[in-house]
Amino acid sequence: MFAVITWQVVSDGPLRRLDERLDPSLTGHGPSWLAEGLSDLGSMPVALPVLALAIGYALWRGLRRRALIAAATMALVPLLVVPLKEWTARPGPFDPATGYYPSGHTATAMVAYGAAALLLSPFVRRRWPLPVAAGVLTAATGTGLVLHGYHWPLDVLASCCLCGALLVLSSTGMRRSSSRTRRR
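Once a new chain begins, its residue numbering starts again from 1 and follows that chain's sequence as written. With the structure being a predicted model, the display of local features is reserved for residues of pLDDT at least 70 and the display and counting of side-chain atom pairs for 80 or more, all residues being used for whole-chain, interface and lining totals. Side-chain metrics in this entry use all non-hydrogen atoms of the structure; hydrogen atoms and water are not considered.

**Q** Would you explain the nonpolar core in this entry?
**A** Nonpolar side chains tend toward joint burial in soluble globular proteins. The nonpolar core is taken to be a set of buried Ala, Val, Leu, Ile, Met, Phe, Trp, Tyr and Cys residues, with the residues joined through side-chain atoms within 4.5 Å. When a residue's accessible area, from a 1.4 Å probe over protein chains only, is under 20% of the maximum for its type it is buried; when over 50% it is exposed; and in between it is partly exposed. In this structure, L51, A70, V77 and L119 are the most contacted members of the largest nonpolar core, which totals 34 residues. What counts as a helix is a DSSP run of H or I of at least four residues, what counts as a strand is a run of E of at least two, and both are numbered from the N terminus. When residues of this core are traced back to their parent elements, those giving at least two are α1 (2-10), α4 (44-60), α5 (64-88), α6 (104-120) and α8 (153-183). No other element matches α6, which puts 11 residues into this core. Only heavy atoms enter the contact rule, under which two residues are in contact if any of them lie within 4.5 Å. With residues near it in sequence (within four places) discarded, L119 still touches L51, A54, I55, A58, R66, A67, A70 and M174.

What follows is the structure in structure tokens.
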């Protein structure tokens, strides 16, 4: 899905044109303070401390490999997103400057909250609320970004696709790490 969206954005395909026609009907709706507050959920000063606390707790509980995997997953975000922003050179909805695709705030939110949920899940009885909370925070971030006019909807969707794949790989690594620890 990420590859298809990227292809459409780069080639000015019909999906991109639909995205750009749809955006004016979305931006500016609702209180701007709320849209900005939601978009800030994906900023590094907000999302990274959440992940740092989860990593610290996992380390304190002896889950070093899982904590390392979470930190490495977060470190991959700028390594993947920044070159993509430069390569696609997509302008923003209200800004002729380029570098809006994919959304870095959405990527930061999804990986920080998702990895935190993965790290904390072994310590809670009911695990389902953690990924739900991570999903809600990521969706709120993306919604705020689009409503405020910081990003096109496809910028947000593409980040979710890209970082969803990262989190699947991270989860797989964490499960394998846990099974190795149990075998010892």
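Having seen the structure, we can now continue with the description.
**Q** How should I be thinking about a nonpolar patch on the surface in this particular structure?
**A** Candidate patch residues must exceed 30% relative accessible area and have no salt bridge, after which like charges are joined if within 9 Å and Val, Leu, Ile, Met, Phe, Trp or Tyr side chains if within 5 Å. Per-residue and other accessible areas follow the Shrake-Rupley method at a 1.4 Å probe size, with only the shown protein chains counted as cover for residues. Salt bridges, as used here, are contacts in which a Lys or Arg side-chain nitrogen is within 4 Å of a carboxyl oxygen on Asp or Glu. Judged by side-chain polarity, V4, W7, L15 and L18 come together as a nonpolar surface patch covering roughly 380 Å² of accessible area. The set of elements that each furnish at least two residues to the nonpolar patch consists of α1 and α2 (14-26). Along the chain, the position of L18 falls in helix α2. Exposure remark for L18: the relative accessible area of 44% places this residue in the partly exposed category.

**Q** What is the right way to look at unusual backbone geometry in this model?
**A** For residues besides glycine, phi is generally negative; the peptide bonds are generally trans as well. In the segment running from Y101 into P102, the intervening peptide bond is cis, with an omega of -10°. When you line up the elements, P102 lands in the loop between α5 and α6. One non-glycine residue, D12, lies in the positive phi region at around 55°. With respect to the helices, strands and loops of the structure, D12 is situated in the loop between α1 and α2. The exposure class of D12 is partly exposed, given its relative accessible area of 39%. Positive phi, close to 50°, is recorded for A89, a residue that is not glycine. Relative to the helices and strands, A89 resides in the loop between α5 and α6.

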